Amino acid sequence: MNEYTKHLKHKMMMARLLGILACLIAIGGIVLKYLGLLSDWLCIIAISYSMATIFTFNSSLQDIRVGNPWQRINAICSLLLYAFVIFLIVFGFTSDQLQTNF
């Protein structure tokens with residue numbers, strides 16, 4: 001049982017640390033937008049992707065408690081946000097809002 005407890009603590013700490021990293025990426029996107037280094041589209045994409053990642057990590061945290069409905073809710077929210085990010089990227093390129101400099 002001690003090894004399993006150690007595994008769960010490690011899983012929780014990794015999910016928390018990666019969630020904090022995703023929050024920092026979202027905050028960085030807002031700061032870069034405020035400084036004028038990032039366009040509106042890229043800022044929204046960065047924030048949406050970070051939120052989807054946070055929901056994914058939160059879902060893995062909820063995995064520790066068996067039978068918890070919040071795990072499914074977090075997983076559904078993360079899938080919806082990942083789909084929204086894909087939609088934003090496709091729509092941005094097709095409407096020439098996102099442009100490449102290549």
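Every value quoted in this text rests on a predicted model; they were computed, and no experiment measured them. (Residues numbered from 1 in each chain as written. Predicted model: local features only at pLDDT ≥ 70, side-chain atom pairs only at ≥ 80, totals over all residues. Heavy atoms only, no water.)

Quick word on the packing of aromatic side chains
Per the counting criterion, the structure on display carries 3 aromatic pairs. Here the aromatic rings of W41 and F91 are separated by 5.9 Å at their centres, their planes lie at 35 degrees, and the arrangement is tilted. One end of the pair, W41, is in helix α2 (residues 40-62); the other, F91, is in helix α3 (residues 69-94), and 50 residues separate them in sequence. An angle of 15 degrees between the planes, with centres 5.7 Å apart, marks the rings of F87 and F91 as stacked. With a gap of 4 residues between them, F87 and F91 both fall in helix α3, about one helical turn apart. Judged by relative accessible area, which is 40%, F91 ranks as partly exposed. Pairwise contacts between aromatic rings join W41, F87 and F91 into one cluster. (Phe/Tyr/Trp six-rings, centres within 6.5 Å; stacked < 30°, edge-to-face > 60°. Helix = DSSP H or I, 4+ residues; strand = E, 2+ residues; numbered from the N terminus. Buried < 20%, exposed > 50% of the residue type's maximum accessible area, 1.4 Å probe, protein only.)

Let's talk about the pattern of salt bridges
Summed over the entire model, instances satisfying the criterion amount to 1 salt bridge. Note that K33 and D40 form a salt bridge whose closest N and O atoms lie 2.8 Å from each other. Accessibility expressed as a relative area gives 34% for K33, which makes it partly exposed. (Salt bridge = Lys/Arg side-chain N within 4 Å of Asp/Glu carboxyl O.)

So, the confidence of the model for the protein chain
Taken residue by residue, the protein chain gives an average pLDDT of 85. The fraction at 70 or more is 91%. Helix α1 (residues 2-34) is the least confidently modelled element of the protein chain, averaging 86 in pLDDT, while α3 averages 90, the highest of any element. (pLDDT = per-residue confidence, 0-100.)

Side note on the packing of α2 against α3
It is at 8 Å that the axes of α2 and α3 come closest, and there the two elements cross at 160 degrees. On the basis of the axis angle, α2 is roughly antiparallel to α3. Handedness of the crossing formed by α2 with α3: left-handed. Taken together, the residues of the contact of α2 with α3 sort by class into 17 nonpolar, 10 polar and no charged. (Axes fitted to C-alpha atoms, helices over the stretch in contact; angles between N-to-C directions. Parallel < 35°, antiparallel > 145°, perpendicular 65-115°, else oblique. Left-handed = near helix turned anticlockwise from the far one by under 90°. Nonpolar A, V, L, I, M, F, W, Y, C, P; charged D, E, K, R; others polar.)

Remarks on the nonpolar core
A general feature of soluble globular proteins is that nonpolar side chains tend to end up buried together. Among the nonpolar cores identified, the biggest contains 5 residues, and these are W41, I45, V85, L88 and L98. Those elements giving two or more residues to this core turn out to be α2 and α3. Each residue touching I45, except ones within four places of it in the same chain, is listed here: V85, L88, I89 and L98. (Core = buried A, V, L, I, M, F, W, Y, C linked by side-chain atoms within 4.5 Å. Contact = heavy atoms within 4.5 Å.)

Here's the deal with α1
In this model, α1 (33 residues) spans 48 Å end to end at C-alpha, consistent with the 48 Å of a helix rising 1.5 Å per residue. Along α1, the residues classified as buried are L8, A15, G19, A22, A26 and G29. For α1, the secondary structure elements touched by its buried residues are α2. Two residues or fewer after α1 comes G36, characterised by a positive phi angle close to 85 degrees. (Expected span 1.5 Å × (residues − 1).)

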